Amino acid sequence: MSESNVKFSEAEALHFHSRGRPGKIEIIASKPMATQRDLSLAYSPGVAVPVRAIAEDPATAYDYTAKGNLVAVISNGTAILGLGDLGALASKPVMEGKAVLFKRFADVDSIDLEVDTRDAEAFINAVALLEPSFGGINLEDIAAPDCFVIEQALRERMNIPVFHDDQHGTAIITAAGLINACLLTGRALKDIKVVVNGAGAAAIACTELIKAMGVRSDHVMMCDRSGVIHKGRDDLDQWKSAHAVDTDRRTLEEALDGADVFLGLSAARALKPEWVTKMAPQPIIFAMANPDPEITPPEAKAARPDAIVATGRSDYPNQVNNVLGFPFIFRGALDVRATAINDEMKIAAANALAELAREAVPEEVAAAYGGKSQRFGADYIIPAPFDPRLLEVVPAAVAEAAMRSGVAQRPIENFAAYRQTLRARLNPTVSVLSLAYEAAKANPKRVLFAEGEEHVVLRAAIAFKEGGYGTPVLVGRDDVHDRLRELGIDDPSGYEVLNSRNSPLVGRAVDHLYARLQRKGYLRREIERMVNQDRNYFAAAMLALGEADAMITGVTRPFSQSLKQIEMVIDHEDQSDPFGVNIIVGQNQTVLVADTAVTERPTAEQLATIAIRSAAFARRMGQEPRVAFVSYTTFGNPPGAYVGELREAVALLDSRTVDFEYEGEMAPDVALNHDMQRRYYPFSRLTGPANILIMPGLQSASLSAKLLRALSGENMLGPFLLGMKLPVQIAPMTAGASDLVTLAVLAAGAVDGKRRG
Ligand SMILES: NC(=O)C1=CN([C@@H]2O[C@H](COP(=O)(O)OP(=O)(O)OC[C@H]3O[C@@H](n4cnc5c(N)ncnc54)[C@H](OP(=O)(O)O)[C@@H]3O)[C@@H](O)[C@H]2O)C=CC1
Ligand SMILES: CC(=O)C(=O)O
Ligand SMILES: [Mg+2]
C-alpha cells in the first residue's frame, strides 16, 4: 500500500472488507426476540408504553432507547484521511471503521452516516434533524473551511455533543504528545517555535488548542499549499488569516529554519529530509498525515538522529492519532449526558493522556510491545491505543471536567464506582488477544503452516506475514508460490516453502521419527513414506528439530487424526493427556469450555488436571478463573448415574491446594447465573458466574462447542490444544483464515515458555 512498512497487499485489504458479511458493522438485538411475547413487548403493542412515556418526558428516551450510548459518525467525504475529496460513498469504509473503533475501545454503539452533499447548509439541516436518534454526533473527514461552519452551526442547534474529530480529537492527542515531547527535551510551551504544515480542519484546531495551552501566537507559523501564511497574503479566509504572522519567510523550508516543532497535518511526503536538518536541536516532528506521513520516521531519524518523531500510524512508535481520543472522550461525555464537549473537557483529556504516558506501563502492555520503548521516553510519548488503562482514565477525566464546567446533565456521584464500570466494559480476553497480536509483532517467530497448499491456509499465512506477526513456513509442493501469486502476492519468493518430497531436511526428519518409532514396529522405509507423503509428520518433525518455533495444521482432516500423527513425533508436556479448550468471547464475558477435543470419557484425575490447566490458561487470557464441573444434574438433582467422576474430581481438588475457585456438579444454566447459585445453592463456593466449564465427556463438550460455533460464528475461538511439549495448534476443519492467524499468534506466544520448559 504505502511506500514503506507495507504490512498487507491491496488484495488482502479488499478481502478483509468483503469476506463474510461485507463491511465492518452489523446490528444485533439487545433484547430477546424469540417468542410471540417478546415481539409483543419489543414492538406493537408493548412499544406504545415507552412511546407515551417519552412523549410525556423526553429525558426518558435515555432509559427506554439506545440513544444514550449511540453516536453517529457523519461525513460528506470531502477530506477522507489525507486522500482528499473522494465523496460521501467512498468515505463509508473509514466511517464504518470509526464506528467499530468506538465499540472496540469504549463500548460506545455507533453507526456511520454518509451525507451526499457538498453544500454546508444542506449538510447542517440534514444532521440537525437527527438529534432525537443519537446521544452524540462525531463529524469526520469534512474539509476546511466548511467543517468550521458546519460544526459551529450544529453545536448551536443541537443539545447533544457535536464533535468534529479531525479538529478536536486530533488536537487533543497532538497536545498530549507535545506536552510530553517538550518535557523530555526540557522545553516550555511558551518558548517553543512551531511550524504547522496544513491549514485545514486538523491543523487549525491543533494550532488553536496549543495556543490556548500557552504556545505564543507569534511563535507559530502555518503553511498551506501556497507556503507560509503571512500577513501580506490576500488569498486567506477568516480561519487561515487568524493565524497569519508578520514574517518574510515564504516557504516551508524557510519556516523550518530554527523551529523546535513540526506539526504535519497536510499530505504524504510534504516534508523533505534536508529541510529537517535546519530545525533546532532535538527537534519534535509530528508527521500526522494518513495513511502516509509527511516524512517517515526512518527518513526523519536519518536526517536528525536527535529528533522525537511521531506519526498517525500504528506501525511506528508514537502513534499520534485521534483513535486515542474520540472513543474515550465520547464515553465520558455520554456517561454524564453532557450537552457539549467543551474546551475544559478537551484539555482534561489531553492532560490525562499525557500523564498516563508518564506512568509505569503495566506488565501486560509492556510485554505485548516486546518490553521495548514502553517507558516514558523519545519512543513513547503517548500511550498505545491498546493500553487498557485508557478506558478508565480518559472518560473519567472528561466526565469530571464536564461536571466542573456545568454541561453534565447526570453528574457522577461516586467516581470509584464509575471507574469500576469503565473497567468492566472492556472484556479482558479481547484485550489479551489484542495484546497477544502486539506481542507476536514485537517478538516474531517462525510458524509452520503444515497444509500450505490450501487457500485458507495461504490467506492466513499472508495475513500472518504481512501483519508482521512472524515468518510463515509453508509446507507444500513447489507450486505454492504460484498459488500465492493467484492470491495477489506479486513477489512470493519471500515466502519459505518446505516440500516434504525434496527438502534437504527430509533426511533429518526421517532420522528423528525412526529413532522414536523403530521399536514400535515401524521400518525405516515406512517412516520415509510417512514423512514424504504426510505433511503433519514432516512439519511436526521440523518443529521437533527446531527448524521452526510453532506449528499450525488441521483444516484438511479431523482433529483426532491430526493429533494422533503429531503425538507420534512430539511428546506430551508431562504424564497427562493433552486436551482442547474453546473460548466463547462475549462483549462483557468470556467462557472457556474443556475438554472439547481429546478424551472421550475422562477420569476424575483427568478432569481435575483439565480444570487446573484450564484455570492457568484462563489467567493467561486475563480471566480470574471460576471453574464449574458441569452436568445435567445440579448437586444431585435430578439424581444421575453419570456424575461420579465429576464429584470425585471436585474431591480431588479439595484434597490439593489449588489457587482458584471451583464447584460442581451443576447444570450450565446454574453455573453461568450467580443469582441462581446464591438463591438456591447458597453453599456454592463460586463468588460469581463460572467462566470455565469442565464438561463430563467429549460427547457433551464437542457437541456444545460445535453447536455454539455454528450459531455464534466468530465469537468462538479454538479449540486450543494444551498439554503438548512444543507449541502445536490444530484448527477445526471449518476454520477461516483469521481463526488460523489467531491460533498461530497464540502458538507463537507460547514458544518461549515451552522451549525454556
Ligand atoms: N493523525 C491524526 O489523528 C489525523 C491526521 N489527519 C491528517 O491531516 C491531513 C489533513 O486533514 P484535514 O485537516 O481533515 O483535511 P483538510 O482538507 O481540512 O485540510 C487539508 C490541508 O492540508 C493542506 N495541504 C495539502 N497538501 C499540502 C502540502 N503539500 N503542503 C502544505 N499543505 C498542504 C491543505 O492546504 P490548502 O488549504 O492550501 O488546500 C489544507 O489546508 C490528512 O492527511 C489527514 O489524514 C487528520 C486528522 C487526524
Ligand atoms: C485519523 C483521521 O481521522 C484522519 O486521518 O482523518
Ligand atoms: Mg479523520
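Residues numbered from 1 in each chain as written. Chains lettered and ligands numbered in written order. Predicted model: local features only at pLDDT ≥ 70, side-chain atom pairs only at ≥ 80, totals over all residues. Heavy atoms only, no water.

### Quick notes on the environment of D379
By secondary structure assignment, the location of D379 is in the loop between α16 (363–368) and α17 (390–404). With relative accessibility at 34%, the residue D379 sits in the partly exposed group. (Helix = DSSP H or I, 4+ residues; strand = E, 2+ residues; numbered from the N terminus. Buried < 20%, exposed > 50% of the residue type's maximum accessible area, 1.4 Å probe, protein only.)

### Some details on the site of ligand 1
Taken together, 27 residues form the shell around ligand 1, and within it T170, A199, A202, K240 and N322 come nearest. A distance of 3.1 Å separates an oxygen atom of ligand 1 from a polar backbone atom of G82. The separation between a nitrogen atom of ligand 1 and a polar side-chain atom of N197 is 3.5 Å. Alone, ligand 1 offers 910 Å² of accessible surface; in the complex the protein occludes 85% of this. Only α8 (165–184) and α9 (201–212) provide two or more residues apiece to the shell around ligand 1. Its residues assigned to classes, the shell around ligand 1 comprises 13 nonpolar, 10 polar and 4 charged. Shared between two domains, the shell around ligand 1 holds at least three residues of each, these being domain 1 (36–167) and domain 2 (187–318). (Near = heavy atom within 4 Å. Polar contact = N/O pair within 3.5 Å; in protein donor to acceptor, adjacent residues only side chain to side chain. Areas by Shrake-Rupley, 256 points an atom, 1.4 Å probe, with all protein chains shown as cover. Nonpolar A, V, L, I, M, F, W, Y, C, P; charged D, E, K, R; others polar. Domains from an automatic or database assignment.)

### Description of the pairing of strand β12 (residues 470–475)
A large share of β12 lies buried, amounting to 5 of its 6 residues. Note: strand β11 (residues 445–449) against β12, 5 bridges, orientation parallel. Counted as the bridge partner of L448 is V473 from β12. Pairing analysis gives 3 bridges linking β12 to strand β13 (residues 496–498), with the strands arranged parallel. By the bridge assignment for β13, V475 is matched with L498. With respect to chirality, the unit in which β12 leads through helix α21 (residues 480–486) into the neighbouring parallel β13 is right-handed. (Pairing = 2+ DSSP bridges. Right-handed = clockwise from strand over helix to strand, strands pointing away.)

### Focus: the coordination of the magnesium ion (ligand 3)
The coordination sphere of the magnesium ion (ligand 3) contains the protein donors E140 (OE), D141 (OD) and D166 (OD), at a distance range of 2.0 to 2.1 Å. Donor residues for the magnesium ion (ligand 3), ordered by position in the chain, follow E-D-x24-D. One end of the pair, D141, is in the loop between β3 (136–139) and α7 (146–157); the other, D166, is in helix α8, with 25 residues separating them in the sequence. (Donors = N, O, S within 2.8 Å, 3.2 Å for Na, K, Ca; no water.)

### Topic: a nonpolar patch on the surface
A cluster of nonpolar residues, L81, L83 and L86, forms a patch on the protein surface that exposes about 270 Å² of accessible area. When you line up the elements, L81 lands in the loop between β1 (70–75) and α5 (92–106). (Patch = residues over 30% accessible without salt bridge, like charges linked within 9 Å, V, L, I, M, F, W, Y side chains within 5 Å. Salt bridge = Lys/Arg side-chain N within 4 Å of Asp/Glu carboxyl O.)

### Examining the UniProt feature "domain: Malic enzyme N-terminal" (unreviewed entry) in the chain
Within this structure's numbering, the places UniProt gives as "domain: Malic enzyme N-terminal" (unreviewed entry) are residues 22–155. Between the end C-alpha atoms of residues 22–155 the distance is 34 Å, and the span holds 40% helix and 12% strand. (UniProt positions renumbered as here; feature names shortened; annotations may be inferred.)

### What to know about the packing of helix α15 (residues 343–358) against α17
Contact geometry of α15 with α17 gives a least axis separation of 8 Å together with a crossing angle of 150°. Classed by the angle they form, the pair α15 and α17 counts as roughly antiparallel. With respect to the hand of their crossing, α15 and α17 are arranged in right-handed fashion. Of the residues in α17, those in contact with E344, M345, A348, A349, A352, L353 and L356 of α15 are L390, V393, V394, A397, V398, A401 and A402. Of the residues contributing to the contact of α15 with α17, the split by class is 13 nonpolar, no polar and 1 charged. (Axes fitted to C-alpha atoms, helices over the stretch in contact; angles between N-to-C directions. Parallel < 35°, antiparallel > 145°, perpendicular 65-115°, else oblique. Left-handed = near helix turned anticlockwise from the far one by under 90°. Contact = heavy atoms within 4.5 Å.)

### Let's talk about the sheet that holds β13
As summarised here, the arrangement of the 5 strands in space is β13-β12-β11-β14-β21, forming an open sheet in which the pairing is parallel. At either end of the open sheet lies a strand with only one pairing partner, and these are β13 and β21 (728–730). Pairs of neighbouring strands in the sheet enclose a mean axial angle of 25°, with direction left out of account. Docked against the sheet, helix α20 (residues 455–466) engages β11 and β12, running at close to 155° with respect to β12. Here helix α24 (residues 535–544) sits on the sheet in contact with β11, β12, β13, β14 (550–553) and β21, set at roughly 165° to β14.

### A word on the packing of aromatic side chains
Here the structure, examined in full by the defined rule, presents 16 aromatic pairs. Here F102 and F330 contribute two aromatic rings whose centre-to-centre distance is 5.5 Å and whose plane-to-plane angle is 80°, an arrangement assigned as edge-to-face. Separated by 228 residues along the polypeptide, F102 in helix α5 and F330 in helix α14 (residues 326–335) bring together distant segments of the chain. As far as the burial class goes, F102 and F330 line up, both buried. Aromatic side chains F635 and F683 sit 4.8 Å apart centroid to centroid with 65° between the ring planes, which places their arrangement in the edge-to-face category. With F635 in the loop between β17 (626–630) and α27 (644–655) and F683 in the loop between α29 (674–680) and β19 (692–694), this pair connects stretches of sequence that are 48 residues apart. Classification of F635 by relative accessible area gives partly exposed; the value is 24%. For F683, a relative accessible area of 52% gives the class exposed. The ring of Y495 carries the charged tip of K465 above its face, separated from the ring centre by 5.2 Å. (Phe/Tyr/Trp six-rings, centres within 6.5 Å; stacked < 30°, edge-to-face > 60°. Lys NZ or Arg CZ within 6 Å of the ring centre and 35° of its normal.)

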